[in-house]
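A structural walkthrough
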Amino acid sequence: RTLEGVTIALLDNSKPNAGVLLERVGALLAARGGARAVRAWRKPGASRPAEMIDDIAKSAHVVLTGSAD
């Protein structure tokens with residue numbers, strides 16, 4: 001019901017503009033929803049696996065990912 005105290009991870013899949021989109025959404029969620037922190041992660045390429053997924057799961061309550069072109 002609320003994001004108060006929640007840590008949000010942003011997983012950029014390396015597609016054009018994905019990072020821009022995720023950073024903006026993360027900033028809005030933090031500002032309006034009271035999220036505690038937002039941390040960004042970036043995959044080396046859109047077709048590559050998210051090898052850092054275990055680290056992300058340990059450090060965040062919510063993960064946002066998406067693609068943009």
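See the structure printed just above.
Scope of this entry: the structure provided in the associated data block. Sequence order as written defines the numbering, with residues in each chain counted from 1. This being a predicted model, a pLDDT of at least 70 is required before a residue's local features are given, and a value of 80 or more before pairs of side-chain atoms are given or counted; all residues contribute to the totals for chains, interfaces and linings. Only hydrogens and water are set aside when side-chain values are computed; all heavy atoms of the structure are taken into account.

1. A word on the overall build of the protein chain
- Under the scheme used here, helices are H or I runs from DSSP no shorter than 4 residues and strands are E runs no shorter than 2 residues, and both carry numbers assigned from the N terminus. From N to C terminus, the protein chain includes 2 helices and 3 strands.
- Traced from its N-terminal end to its C-terminal end, the protein chain shows the element sequence β-α-β-α-β.
- Since a compact globule built from 69 residues should have a radius of gyration of about 11 Å, the 12 Å found for the protein chain is in line with a globular shape.
- Projecting the C-alpha coordinates of the protein chain onto the three principal axes gives extents of approximately 35 × 25 × 15 Å.
- Only protein chains enter the area calculation, which uses a 1.4 Å probe; residues under 20% of their type maximum are buried, those over 50% are exposed, and those in between are partly exposed. Classification of the 69 residues of the protein chain by burial places 29% in the buried group. C-alpha atoms define the radius of gyration, and 2.2 Å times the number of residues to the power 0.38 defines the globule rule.

2. Digging into the side chain of N13
- Within the secondary structure, N13 sits in the loop between β1 (7-12) and α1 (18-33).
- Given the relative accessible area of 11%, N13 is considered buried.
- Separated by 3.1 Å, the side chain of N13 and the backbone nitrogen of K15 make a polar contact.
- In this view, N13 contacts A18, K43, G45, A46, G66 and S67; residues no more than four positions away in its chain are not counted. Two N or O atoms count as a polar contact when they lie within 3.5 Å, although within protein this holds only if one can serve as hydrogen donor and the other as acceptor, and sequence-adjacent residues are included solely when both atoms are side-chain atoms. Should any heavy atoms of two residues lie within 4.5 Å, those residues are considered in contact.

3. Here we look at the sheet that holds strand β2 (residues 37-42)
- Pairing within the open sheet is parallel, and its 3 strands lie in the order β2-β1-β3. Among the strands making up the open sheet, the edge pair consists of β2 and β3 (62-66). Each strand axis lies, on average, 20° off the axis of its neighbour in the sheet, ignoring direction.
- At least two DSSP bridges between two strands are required for those strands to pair. Pairing analysis gives 6 bridges linking β1 to β2, with the strands arranged parallel. Within β2, the position partnered with I8 by the bridge is V38.
- Axes here mean lines fitted to C-alpha atoms, for a helix over just the part in contact, with angles spanning 0 to 180 degrees between N-to-C directions. Sheet strands in contact with α1 are β1, β2 and β3, and its direction is about 170° off that of β1.

4. Here we look at the nonpolar core
- Put simply, a nonpolar core is a bunch of buried Ala, Val, Leu, Ile, Met, Phe, Trp, Tyr and Cys residues held in one set by side-chain atoms that sit within 4.5 Å of each other. Core analysis: the biggest nonpolar cluster contains 6 residues, these being A9, L11, W41, M52, I56 and A60.
- Of all hydrophobic cores here, the second largest spans 5 residues; its members include I8, L10, L22 and A35.

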